[in-house]
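# Summary of the model geometry
Single-letter residue listing:
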Amino acid sequence: MSVMQSLSGSISSSSSAFLAPTNFTSSSRAQNVPLPAKSFRICKCVAAPQEQITAYKTKVSRNANVAKLQAGYLFPEIARRRTAHLQKYPDAKVISLGIGDTTEPIPEVITSAMAKRSYALSTLEGYSGYGAEQGEKALRAAIASRFYKNFGIEEDDIFVSDGAKCDISRLQVVFGSNVTMAVQDPSYPAYVDSSVIMGQTGQFQKDVEKYGKIEYMRCTPENGFFPDLSTVSRTDIIFFCSPNNPTGSAATREQLTQLVQFAKDNGTIIVYDSAYALYMSDDNPRSIFEIPGAKEVAIETSSFSKYAGFTGVRLGWTVVPKQLLFSDGFPVAKDFNRIVCTCFNGASNIAQAGALACLSPEGFEAMHEVIGFYKENTDIIVETFNSLGFKVYGGKNAPYVWVCFPGRSSWEVFSEILEKTHVVTTPGSGFGPGGEGFIRVSAFGHRENILEACRRFKELYK
Ligand SMILES: Cc1ncc(COP(=O)(O)O)c(C=O)c1O
């Protein structure tokens, strides 16, 4: 029986049977949602520019840096392919394990704090307008004490924001177009794309799938997903993400000590992305500031997106220690503050109330429960690919599973999986040339969907 035949009749039926002997049940969270059947509509994004054929042209020339960008940003491109797939198979029950968006409800202890702040806005006493661009004092203090206690990070080193991705772009504005940068290869695409937009790079070189002037630090199973720094050229900025999206690997204390030393030797600034730190099972550092001396060479950006399901609420933060100085001795934090005050008007007060609730004892526990649920999903996916004989990485310290398909093109594997199982994954090469031959499977999903996707993977690759 072909995969399509075997799937066509049974996709929406209960799917847990083939994994029944495991400890994971489809009811570990109360809010499980059944697979939607036939409910997909093709939506046209109203913000997307209409394609119009017009003879009239303005006299404004296109930003040459934006023109350097290749195709679409990775995730909209995946969404486009998913939409095309649904046009081809309108009845398919597509499961998205691609983009890495959270799916589980936000714990009530957090939403009730947001509701309370929201209702207060309807009262004279409770109303507030623009807040401090850097964030509310109470929240900055709570972030400092919850995540950076004992590391010498203070409340005024914290800048609350509308998310880590937005802060990455604002940091790029601070650095300007004359800096050189390095990224892990593969890496979260926002670092490279924002660098291109700022004009820090050369053109995209199709033969090597790299932009000129970016130092790609290869992270492979062979080097334990930590770059061989002896082969890395000096750059002004290093973007470093741990636990890493997409590989799921987390750097050890020893490796991060090496990285900090490397930055010090070269007079480099590290932008450390710890958006998945709370997913860590290993005893690796949760913050770069656990490493002695890091305050003089590092910035850290993080987010409530994947901790508390705030991908839509939008709340993150960036730590710029006052000890971090440019070559002329000027504090980086002062320039970041200047940019934040110019490009941003402060995070939503309702979202900040939610973030404060996340950091209360009950909120923190509730947040960990949701993270624990996704970590169980991760185990299910890892078990599935292991049982099929694949080499599987990540998963233990991040909600991403990095599956190796030796010798194959990632986009080809992505298409094969989508075509034959109706499951959306992410092609590894979308994260840089070092991701070729891998796909990333996200563990963000309702339990039924994860189990069903794994059943389809087993059917396809048995
Ligand atoms: C490594 C990494 N950094 C930052 C972000 C974006 O976070 P935010 O939602 O706070 O903008 C993501 C989102 O997927 C991510 O994977």
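In case you missed it, the structure is sitting above this.
Residues numbered from 1 in each chain as written. Predicted model: local features only at pLDDT ≥ 70, side-chain atom pairs only at ≥ 80, totals over all residues. Heavy atoms only, no water.

### Side note on the environment of T83
Mapped onto the elements, T83 comes out in helix α3 (residues 74-88). The exposure class of T83 is partly exposed, given its relative accessible area of 29%. (Helix = DSSP H or I, 4+ residues; strand = E, 2+ residues; numbered from the N terminus. Buried < 20%, exposed > 50% of the residue type's maximum accessible area, 1.4 Å probe, protein only.)

### Focus on the packing of aromatic side chains
On inspection of all chains with the given rule, the structure shows 30 aromatic pairs. Relative to Y211, the ring of F204 lies with its centre 5.0 Å away and its plane at 65°, an arrangement referred to as edge-to-face. Above the face of the W411 ring, R81 is positioned so that its terminal group lies 3.9 Å from the ring centre. Over the ring of F159 we find R140; its NZ or CZ atom is 5.9 Å from the centre of that ring. (Phe/Tyr/Trp six-rings, centres within 6.5 Å; stacked < 30°, edge-to-face > 60°. Lys NZ or Arg CZ within 6 Å of the ring centre and 35° of its normal.)

### Some words on the packing of helix α13 (residues 410-421) against helix α14 (residues 447-461)
Packed helix pairs are specified by the crossing angle of their axes together with the interaxial distance, meaning the distance between the axes. Where α13 meets α14, the axes come as close as 10 Å, and the angle between the chain directions of the two elements is 105°. Considering the angle they form, α13 stands roughly perpendicular to α14. Between α13 and α14, the contacting residues are V413, E416, I417, K420 and T421 on the first element and R456, F457, L460 and Y461 on the second. Here the contact of α13 with α14 is composed, by residue class, of five nonpolar, one polar and three charged. (Axes fitted to C-alpha atoms, helices over the stretch in contact; angles between N-to-C directions. Parallel < 35°, antiparallel > 145°, perpendicular 65-115°, else oblique. Contact = heavy atoms within 4.5 Å. Nonpolar A, V, L, I, M, F, W, Y, C, P; charged D, E, K, R; others polar.)

### Examining empty space enclosed by the protein
A full pass over the atoms with the stated rule returns two cavities of 30 Å³ or more. Taken as a whole, the largest cavity holds about 60 Å³ of empty space. Class assignment of the residues belonging to the lining of the largest cavity gives a composition of six nonpolar, six polar and no charged. Its boundaries defined by the atoms lining it, the second largest cavity holds a volume of some 40 Å³. (1 Å grid on protein atoms, 1.4 Å probe; cavity = no way out; pocket = protein on both sides within 12 Å on 5 of 7 lines; lining within 4 Å. Points joined across faces, edges and corners; volume = space filled by probe spheres on them.)

### A closer look at helix α11 (residues 349-358)
For α11, a buried count of eight out of 10 residues is recorded, marking the element as mostly surrounded by other parts of the structure. Residues of α11 that are buried: N349, A351, Q352, A353, G354, A355, A357 and C358. On the buried face of α11, the contacting elements are α4 (108-120), α5 (137-148), β2 (158-161), α9 (305-308) and α12 (361-387). With a side-chain oxygen lying 3.2 Å from the backbone nitrogen of I350, the N-terminal cap of α11 falls on S348. (Polar contact = N/O pair within 3.5 Å; in protein donor to acceptor, adjacent residues only side chain to side chain.)

### Re the pattern of salt bridges
Enumeration over the complete set of coordinates arrives at 21 salt bridges. Measuring nitrogen to oxygen at the nearest pair gives 2.9 Å for the salt bridge that ties R408 to E412. Each of E154, D156, D157 and K322 takes part in salt bridges that share partners, so that together they form one network. (Salt bridge = Lys/Arg side-chain N within 4 Å of Asp/Glu carboxyl O.)

### Focus: unusual backbone geometry
Omega for the peptide link from D185 to P186 comes to 10°, which places this bond in the cis form. Here the bond from S242 into P243 is cis, since omega is -10°, no more than 30 degrees from zero. In this fold, P243 is placed in the loop between β7 (237-241) and α8 (253-266). Backbone geometry at K213 places phi at a positive 75°, although glycine is not the residue there.

### Re the side chain of T425
Within the element layout of this structure, T425 appears in the loop between β13 (423-424) and β14 (426-427). On the accessibility criterion, T425 (0% relative accessible area) is buried. Contacts of T425, omitting those with residues within four sequence positions, involve I78, L97, G98, F414, I417, I439, R440, V441 and F457.

### Regarding the pairing of strand β12 (residues 400-404)
Counting buried residues along β12, five of its five residues qualify, which places the element largely inside the surrounding structure. Side-chain alternation along β12 places Y400, W402 and C404 on one buried face and V401 and V403 on a second face that is also buried. Of the strand pairs in this sheet, strand β11 (residues 391-394) and β12 are connected by four bridges, and their pairing is antiparallel. Note that in β12 the partner of Y393 across the bridge is W402. (Pairing = 2+ DSSP bridges.)

### Notes on the sheet that holds strand β8 (residues 269-273)
Spatial ordering of the open sheet is given by β2-β10-β9-β8-β7-β3-β6, a layout of seven strands whose pairing is mixed. Strands at the two margins of the open sheet, each flanked by one partner only, are β2 and β6 (214-218). Each strand axis lies, on average, 20° off the axis of its neighbour in the sheet, ignoring direction. In this structure, β8 lies alongside strand β9 (residues 298-303), joined through four bridges in parallel fashion. Opposite I270, over in β9, you have A298 as the bridge partner. Each of β2, β8, β9 and β10 (316-319) is contacted by helix α10 (residues 332-343), which is oriented at about 25° to β2, the strand it contacts most.

The analysis is restricted to geometry; functional conclusions fall outside its scope.
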